[in-house]
Amino acid sequence: MSASISVVRGDLTQQDVDAVVNAANERMLGGGGVDGAIHRAAGPELLEACRAVPEVSPGVRCPTGEARITPGFRLKARYVIHTVGPVYAGRSSDAERLASAFRSSLQLAVENSLQTLAFPAISCGVYGYPADEAAVVAASVVSEQDWDLVEIRFVLFSDSVYDAFDSAMH
Ligand code: AR6
């Protein structure tokens, strides 16, 4: 059975799903935006779990386009899947790196036998990715294969980003 795709307006940190995806940075030690909100809601244990993720090069725990999983601690979500989208630079490689962030997160959810996964608009805040372009990338990754999940949910904070994802997914 194919995963159902849903697009909602709301706060990612409040989602009752198996995992929420964090729009992190390569250091994976917290930050602003949705990353800061997830760390605040999950509690200080999340930072300790992130620190325990091995560095693959100095200061880098999760290279751009990859994903790592930790427990969700005080979140309703049992897990956090941390991924890193690209800083938008207006290059053709941006879309492939953003696609890789969505794809790696979905793959990690499937590998861990999760059923429900909630994404924010990765790269659409501090990293400057235009929401309409990001939504098209997200929609294309979701339709790349029959993901073995029950629900893939996109949780968008603002009306304009919600509208972009809602129209791309239909
Ligand atoms: N629920 C859902 N969406 C949210 C929430 C929330 N609670 N809070 C913010 N957003 P950003 P990025 C939206 O900047 O662009 C951090 O410092 C926000 O409105 O969180 O990938 C990291 O540590 C926007 O649409 O992530 C990195 O250094 C979207 O989430 C850097 O920012 C993503 O915005 C990553 O930047």
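The structure contained in this document is the topic of the report that follows. Each chain carries its own residue numbering, running from 1 in the written order of its sequence. Whole-chain, interface and lining totals are the exception, using all residues; otherwise, since this is a predicted model, local features are given only for residues with pLDDT of at least 70 and side-chain atom pairs are given and counted only at 80 or more. Excluded from the side-chain calculations are hydrogens and water; all other atoms, namely the structure's heavy atoms, are used.

### Comments concerning the environment of Gly90
Then step 1. Each helix corresponds to a stretch of at least 4 residues labelled H or I by DSSP, and each strand to a stretch of at least 2 residues labelled E; elements are numbered beginning at the N terminus. Its place among the elements puts Gly90 in the loop between strand E4 (79-83) and helix H3 (93-111).
Then step 2. Gly90 gets classed as exposed once you look at its relative accessible area, which sits at 54%.
Then step 3. Taking the C-alpha atoms as reference points, Gly90 and Gly128, 38 residues apart in sequence, are found 9.9 Å from one another. With a 1.4 Å probe rolled over the protein chains alone, any residue whose accessible area is under 20% of its type maximum counts as buried; one over 50% counts as exposed, and the rest are partly exposed.

### Re the site of the ligand
Then step 1. As a matter of local geometry, the ligand sits amid 22 residues, with Gly32, Val34, Asp35, Ser123 and Val126 nearest to it.
Then step 2. Leu12 places a main-chain nitrogen or oxygen 2.9 Å from a nitrogen atom of the ligand.
Then step 3. Here a polar contact means two N or O atoms within 3.5 Å. Within protein one must be a hydrogen donor candidate and the other an acceptor candidate, and residues neighboring in sequence count only if both atoms are side-chain atoms. Side-chain polar atom of Asn25 to an oxygen atom of the ligand: 2.9 Å apart, as the coordinates give it.
Then step 4. Coverage of the ligand by the protein amounts to 89% of the 700 Å² it exposes when considered alone.
Then step 5. The element contributing the most residues to the shell around the ligand is helix H1 (residues 33-42), with four residues.
Then step 6. Charged residues are taken to be Asp, Glu, Lys and Arg, nonpolar residues to be Ala, Val, Leu, Ile, Met, Phe, Trp, Tyr, Cys and Pro, and polar residues to be all remaining types, Gly included. Looking at side-chain class alone, the shell around the ligand contains twelve nonpolar, eight polar and two charged residues. Distances are taken per atom, and a residue is near a molecule or strand as soon as one of its heavy atoms is within 4 Å of it. For accessible areas, the Shrake-Rupley method is used with a probe of radius 1.4 Å. Any residue's cover is judged against the shown protein chains and nothing else.

### Brief notes about unusual backbone geometry
Then step 1. The backbone of Ser113 shows a phi angle near 60 degrees, a positive value even though the residue is not glycine.
Then step 2. Within the secondary structure, Ser113 is located in the loop between H3 and strand E5 (116-119).
Then step 3. On the basis of relative accessibility, which here comes to 60%, the residue Ser113 falls in the exposed class.
Then step 4. Within the chain, Ser123 stands out as a residue other than glycine whose phi angle is a positive 75 degrees.
Then step 5. Within the element layout of this structure, Ser123 appears in the loop between E5 and helix H4 (131-142).
Then step 6. Since its relative accessible area comes to 5%, Ser123 is described here as buried.

### Let's talk about the pattern of salt bridges
Then step 1. Any carboxyl oxygen of Asp or Glu that lies within 4 Å of a side-chain nitrogen of Lys or Arg is treated as forming a salt bridge with it. Summed over the entire model, instances satisfying the criterion amount to nine salt bridges.
Then step 2. Glu55 is the salt-bridge partner of Arg61, the closest N and O atoms lying 3.4 Å from each other.
Then step 3. Using a relative accessible area of 7% as the deciding quantity, one classes Arg61 as buried.
Then step 4. Here the salt bridges share partners, and the residues they tie into one network are Glu96, Arg103 and Glu144.

### Quick look at the pairing of strand E2 (residues 19-23)
Then step 1. Judged by how many residues are buried, E2 sits mostly within the fold: four of five residues are covered.
Then step 2. DSSP bridges decide pairing: two strands pair if at least two such bridges lie between them. Of the strand pairs in this sheet, E2 and E5 are connected by two bridges, and their pairing is parallel. By the bridge assignment for E5, Ala19 is matched with Leu117.

### Quick notes on the packing of aromatic side chains
Then step 1. Classification of ring pairs rests on two measures: the distance between centres of Phe, Tyr or Trp rings, Trp counted by its six-membered ring, which must be within 6.5 Å, and the angle between planes, read as stacked under 30 degrees, edge-to-face over 60 and tilted in between. This model, assessed by the stated rule, comprises five aromatic pairs.
Then step 2. Seen in terms of ring centroids, Phe119 and Phe154 are 5.4 Å apart; in terms of plane orientation they differ by 15 degrees. Their pairing is stacked. Taken together, the positions of Phe119 in strand E5 and Phe154 in strand E6 (residues 151-156) put the pair 35 residues apart, joining distant regions of the chain. Comparing Phe119 with Phe154 shows no difference in burial state: the two are buried.
Then step 3. With a centroid separation of 5.6 Å and 40 degrees between ring planes, the pair formed by Phe154 and Phe165 is classed as tilted.

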